[in-house]
Amino acid sequence: MTNTALPTSSADQENDTQLNELHKSQNAVVLLSGGLDSVTCLYWAKARYASVTAVSFDYGQRHNSELIAAKAIAETAGVNHRIIDIDIAQLGGSSLTDHSMIVPDGDTDKFPDKKRDEIDNDAIPNTYVPARNTIFLSYALAVAEVTDSNHIVIGVSSVDYSGYPDCRPEYIAAFQHMANLATKAGVTGHHLSIQTPLQQLSKAKTIELGLSLGVDYGQTISCYQADANGFACGVCDSCALRRQGFAQAGVADPTHYQS
């Protein structure tokens, strides 16, 4: 079955124009890990909002090369950047924070089917960090309040992803509802939205979007176990999805891999 796009009415075009003009006067907070998805979101937000604050987290992850990358990316983009310290590692439960656990090799054939709504617990790799997006979004929500921002941008996707439950659109919608109930901004009529520009995009389409916005993916680090120099392992979930994305987009992979 082929989907046929309906023509855009003049009223819709006028509404889109008004919304774009409104966004140009508003601020946004972007969650910036230093990886492919988050830097795409950063440049997407830069093209839409008056001011952007990038927020990264030192949460006890295996390496800090992604934070070094995030800092360089924010400087290149010319945006405000905050690195917030949170010790999620003390909670355990993830191979990204617990060095006694092994980061599994990626196998794109085993990743969740984008057409399936249910979450298979057996398909969720141990790289899932318990409640990480909820924790990160909560901090971003506080930053949004103090920077007078109307939007939080996060690079979650339910197409090419590892099966994390906190990447689903229903989770994002629920957090946005909570955010507008739990904040001074929300209860005083200053609606806050959670923007997920990559939610329905494959990794290849994400790369195409980023390149159209001027992203230098050579600056990014997506690997779950990059070395001190930021060189990627080439075999983890994140590396497998990233490598597949560049191949499907027909773009040379700028990733620096470990020998």
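Keep in mind it's a predicted model, so treat the numbers as computed, not measured.

### Focus: the UniProt feature "binding site: Zn(2+)" in the protein chain
At step 1: When the UniProt feature table is mapped onto this chain numbering, "binding site: Zn(2+)" sits at Cys223, Cys233, Cys236 and Cys239. Spatially, the listed residues are clustered: although they cover 17 residues, their C-alpha atoms lie within 7.2 Å of one another. In this structure, the largest pocket is lined, among the annotated residues mentioned, by Cys223.
At step 2: Mapping Cys233 onto the fold places it in the loop between helix H7 (203-212) and helix H8 (237-249).
At step 3: According to the relative accessible area criterion, Cys233 is buried, its value standing at 16%.

### Let's talk about the layout of surface pockets
At step 1: If you add up the space inside the largest pocket, you get close to 200 Å³.
At step 2: As for the largest pocket, its lining consists of 18 residues, and the residues nearest its centre are Ala69, Gln219, Ile221, Asn229 and Gly230.
At step 3: Looking at the lining of the largest pocket, its residues break down into eight nonpolar, nine polar and one charged.

### Overview of the confidence of the model for the protein chain
In regions of low pLDDT, the predicted coordinates are not meant to be interpreted in detail.
At step 1: Per-residue confidence for the protein chain gives a mean pLDDT of 83, with 76% of residues at or over 70.
At step 2: Low pLDDT (under 50) marks residues 1-5, which in the prediction has zero contacts with non-local residues, meaning those over four places away or in another chain.
At step 3: Predicted confidence is poor over residues 108-121, with pLDDT under 50, and the contacts of this stretch with residues over four places away or in other chains come to 19 contacts.

### Some details on the packing of aromatic side chains
At step 1: Using the criterion set out here, one finds six aromatic pairs in the structure.
At step 2: A centroid spacing of 6.2 Å and a plane angle of 70 degrees characterise the contact between Trp44 and Tyr49, whose relative ring orientation is edge-to-face.
At step 3: The class for Tyr49 is buried, based on a relative accessible area of 6%.
At step 4: An angle of 80 degrees between the planes, with centres 5.9 Å apart, marks the rings of Tyr217 and Phe246 as edge-to-face. Residue Tyr217 is found in the loop between H7 and H8, and its partner Phe246 is found in helix H8; the two are separated by 29 residues along the sequence.
At step 5: A residue is classified by how much of its surface remains accessible, and Tyr217, at 3% relative accessible area, is buried.
At step 6: Counting every residue linked through ring pairs, the aromatic cluster contains Phe57, Tyr59, Phe136 and Tyr139.
At step 7: For Lys46, the ring lying beneath its charged end belongs to Tyr43, and the centroid distance is 5.8 Å.
At step 8: The ring centre of Tyr257 lies 4.5 Å from the NZ or CZ of Arg243, which sits over that ring.

### Comments concerning the state of the cysteines
At step 1: Within the structure shown, the criterion is met by zero disulfides.
At step 2: Summary of cysteine pairing: Cys236 is not part of a disulfide, and the nearest cysteine sulfur, belonging to Cys233, is at 3.7 Å.
At step 3: The class of Cys236 is buried, set by a relative accessible area of 0%.

### Remarks on the side chain of Glu66
At step 1: One can find Glu66 in helix H3 (residues 65-77).
At step 2: No salt bridge forms around the buried Glu66; measuring N to O, its nearest opposite-charge neighbour Arg132 is 6.3 Å away.

### Description of the UniProt feature "binding site: ATP" in the protein chain
At step 1: Mapped onto this structure's residue numbering, the UniProt feature "binding site: ATP" falls at Leu32, Ser33, Gly34, Gly35, Leu36, Asp37, Ser38, Val39, Thr40, Cys41 and Leu42.
At step 2: Topologically, Leu32 is positioned in the loop between strand E1 (27-31) and helix H2 (36-46).
At step 3: Every residue in contact with Leu32, bar those within four places of it in the chain, is listed here: Ser38, Val39, Leu42, Ala54, Val55, Ser56, Ala70, Ile73, Ala74 and His81.
At step 4: Note on Thr40: relative accessible area 0%, which makes it buried.
At step 5: With sequence-adjacent residues up to four places away left out, Thr40 is seen in contact with Leu198, Thr206, Leu209, Gly210, Leu213, Val215 and Tyr217.

### A closer look at the nonpolar core
At step 1: One finds Phe57, Leu137, Ile152 and Ile194 to be the most contacted residues of the largest nonpolar core, which totals 34 residues.
At step 2: For this core, the secondary structure elements donating two or more residues are E1, strand E2 (51-58), helix H4 (132-146) and helix H5 (169-182).
At step 3: The residues touching Phe57, leaving out its near neighbours within four places in the chain, are Leu31, Leu67, Ile84, Ile86, Phe136 and Tyr139.

About the cut-offs
Residues numbered from 1 in each chain as written. Predicted model: local features only at pLDDT ≥ 70, side-chain atom pairs only at ≥ 80, totals over all residues. Heavy atoms only, no water. UniProt positions renumbered as here; feature names shortened; annotations may be inferred. 1 Å grid on protein atoms, 1.4 Å probe; cavity = no way out; pocket = protein on both sides within 12 Å on 5 of 7 lines; lining within 4 Å. Helix = DSSP H or I, 4+ residues; strand = E, 2+ residues; numbered from the N terminus. Buried < 20%, exposed > 50% of the residue type's maximum accessible area, 1.4 Å probe, protein only. Points joined across faces, edges and corners; volume = space filled by probe spheres on them. Nonpolar A, V, L, I, M, F, W, Y, C, P; charged D, E, K, R; others polar. pLDDT = per-residue confidence, 0-100. Contact = heavy atoms within 4.5 Å. Phe/Tyr/Trp six-rings, centres within 6.5 Å; stacked < 30°, edge-to-face > 60°. Lys NZ or Arg CZ within 6 Å of the ring centre and 35° of its normal. Disulfide = S-S within 2.5 Å. Lys, Arg positive; Asp, Glu negative; His and termini not counted. Salt bridge = Lys/Arg side-chain N within 4 Å of Asp/Glu carboxyl O. Core = buried A, V, L, I, M, F, W, Y, C linked by side-chain atoms within 4.5 Å.

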